[in-house]
Amino acid sequence: QVQLVESGGGLVQPGGSLRLSCIASGSIFSIGVMGWYRQAPGKQRELVGDITRRGSTNYADSVKGRFTIDRDNVKNTVYLQMNSLKPEDTAVYYCNADISRRWGESPFGNWGQGTQVTVSS
């Protein structure tokens, strides 16, 4: 089995910063793309950004210039640094990772349980 566990969410004032972490553990052979998604109340889950194993990143237009994704391949961890937070960033943030459990297996997506981020004064 594979587990993804997010941490670092919380309540922050507008303009503040938070850093989320997501650690993958369990039966892991390799990890491909890792990413962050979010889902606000009454809205669909959306991509915040993702990062390849080599470090190439992709961001949603709404977070470009404010959020940064990086990863530590040794620790099987992906991070989301969020700066200049706005109330509209309020959502549950989910980690996703494409993981192969053994050699020759195609990677498949795994989700974490989510962590709440609330931006409010």
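Higher on the page you've got the structure.
Conventions adopted
Residues numbered from 1 in each chain as written. Predicted model: local features only at pLDDT ≥ 70, side-chain atom pairs only at ≥ 80, totals over all residues. Heavy atoms only, no water. Pairing = 2+ DSSP bridges. Helix = DSSP H or I, 4+ residues; strand = E, 2+ residues; numbered from the N terminus. Axes fitted to C-alpha atoms, helices over the stretch in contact; angles between N-to-C directions. Buried < 20%, exposed > 50% of the residue type's maximum accessible area, 1.4 Å probe, protein only. Contact = heavy atoms within 4.5 Å. Salt bridge = Lys/Arg side-chain N within 4 Å of Asp/Glu carboxyl O.

J.: Can you walk me through the sheet that holds strand β8 (residues 77-82) in this structure?
T.: Sheet strands line up and pair through hydrogen bonds in the backbone, either parallel or antiparallel. Spatial ordering of the open sheet is given by β1-β3-β8-β7, a layout of 4 strands whose pairing is antiparallel. Looking at the sheet topology across the chains shown, the edges are occupied by β1 (2-7) and β7 (67-72). The mean inter-strand angle of the sheet, taken between neighbouring strand axes irrespective of direction, is 15°. As paired strands, β7 and β8 are joined by 6 bridges and run antiparallel to one another.

J.: When you look at the side chain of S21 in this model, what are you seeing that I'm missing?
T.: Structurally, S21 can be placed in strand β3 (residues 18-26). Classification of S21 by relative accessible area gives buried; the value is 17%. Setting aside its immediate chain neighbours within four residues, S21 contacts V5, E6, S7, W36, V78 and Y79.

J.: Would you mind going over the pattern of salt bridges with me for this structure?
T.: Close approach of charged atoms lets side chains of opposite charge pair. Taken as a whole, this structure holds 7 salt bridges when the rule is applied. Two residues, D70 and R19, come together in a salt bridge whose shortest N-O distance is 3.5 Å. One end of the pair, D70, is in strand β7; the other, R19, is in strand β3, and 51 residues separate them in sequence. With its nearest N and O atoms 2.9 Å apart, the salt bridge here joins D89 to R38. Of this pair, D89 sits in the loop between β8 and β9 (91-100) while R38 sits in strand β4 (residues 30-39); the two residues are 51 residues apart in sequence, bridging distant segments of the chain. Given a relative accessible area of 1%, D89 falls into the buried group. Overall, R38 belongs to the buried group, its relative accessible area being 6%.

Keep in mind these numbers describe shape, not what the thing actually does.
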